[in-house]
Amino acid sequence: MDIVLIASLPTQQEYLKLFKTAGWNKDYNLTSEELFKSIQNSSYCVSAYDEDKLVGFGRMLSDGVAHAVLFDVIVLPEFQGESIGREITEKLLEVCHSNKIRDIQLFCAIGKIGFYEKLGFKKRSDECPGMEIIMRY
Ligand SMILES: CC(C)(COP(=O)(O)OP(=O)(O)OC[C@H]1O[C@@H](n2cnc3c(N)ncnc32)[C@H](O)[C@@H]1OP(=O)(O)O)[C@@H](O)C(=O)NCCC(=O)NCCS
């Protein structure tokens, strides 16, 4: 399979289609415009294409110095298990390392701990967990 990674945004419709496969929008209830704005406002995005088909995506928000947070690493179900998710995440990590980002974090989806552990991530300790406020509109 000849997958090409590019550091640019997919179209609004391409991204909506891919994002829906993750099932997260049942909770977030984002419009396609809001979803597109979320990737436009990201610090760095990686899109994976099989010819002209968007098959994967990942993005990060960063202050460019100390912190980066990875979001929305998604591979189309029929393209999973082909190292596309790994390549997307490695590209995001490469950008972090080239900027000497000190802390690289993410929110792990259910069942994906093993995927991220293989890429070097470790669960935060119970003494300093991630904390959040969840809002739904
Ligand atoms: C998580 C996801 C991005 C992985 O992408 P993928 O392209 O299927 O994964 P890869 O083929 O690159 O896998 C890389 C390695 O991680 C392993 N791996 C993949 N998913 C795993 C899982 N859920 N648990 C444990 N290991 C996993 C693979 O076996 C592979 O191991 P190897 O390098 O030893 O062969 C993909 O399953 C996905 O899009 N899921 C839906 C969205 C989602 O949950 N994203 C994560 C957000 S936190």
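Before any of the text, the structure's been laid out above.
Criteria and thresholds
- Residues numbered from 1 in each chain as written.
- Predicted model: local features only at pLDDT ≥ 70, side-chain atom pairs only at ≥ 80, totals over all residues.
- Near = placed C-beta within 6 Å.
- Helix = DSSP H or I, 4+ residues; strand = E, 2+ residues; numbered from the N terminus.
- Nonpolar A, V, L, I, M, F, W, Y, C, P; charged D, E, K, R; others polar.
- Pairing = 2+ DSSP bridges.
- Axes fitted to C-alpha atoms, helices over the stretch in contact; angles between N-to-C directions.
- Buried ≥ 20, exposed ≤ 12 C-beta atoms within 10 Å, placed from the backbone.

Q: In this structure, what is going on with the site of the ligand? I would like to understand it.
A: What surrounds the ligand is a group of 18 residues, the closest being Gln80, Gly85, Arg86, Ala109 and Gly114. For the shell around the ligand, the secondary-structure elements that each account for two or more residues are β4 (67-75), α4 (84-98) and α5 (113-117). Among the residues forming the shell around the ligand, the class breakdown is eight nonpolar, six polar and four charged.

Q: What am I meant to see in the sheet that holds β4 here?
A: Each strand in a sheet pairs with its neighbour through backbone hydrogen bonds, running either in the same direction (parallel) or in the opposite one (antiparallel). Taking strand neighbours across the sheet as the criterion, the five strands line up as β1-β2-β3-β4-β5 in an open arrangement whose pairing is mixed. Pairing within the sheet leaves two strands with one partner each, and these edge strands are β1 (3-6) and β5 (103-106). Taking the axes of each pair of neighbouring strands and ignoring which way they run, one obtains an average angle of 20 degrees across the sheet. Direction of pairing for β1 relative to strand β2 (residues 44-50): antiparallel, over a ladder of four bridges. In the sheet register, Ile3 faces β2, and the bridge partner there is Asp50.

Q: Sorry, what's going on with the environment of Glu14 here?
A: Inspection of the secondary structure assignment puts Glu14 in helix α1 (residues 12-22). On the basis of neighbour count, Glu14 is assigned to the partly exposed category, with 17 C-beta atoms found within 10 Å. Sequence separation of Glu14 and Glu51 is 37 residues, and the distance between their C-alpha atoms is 14 Å.

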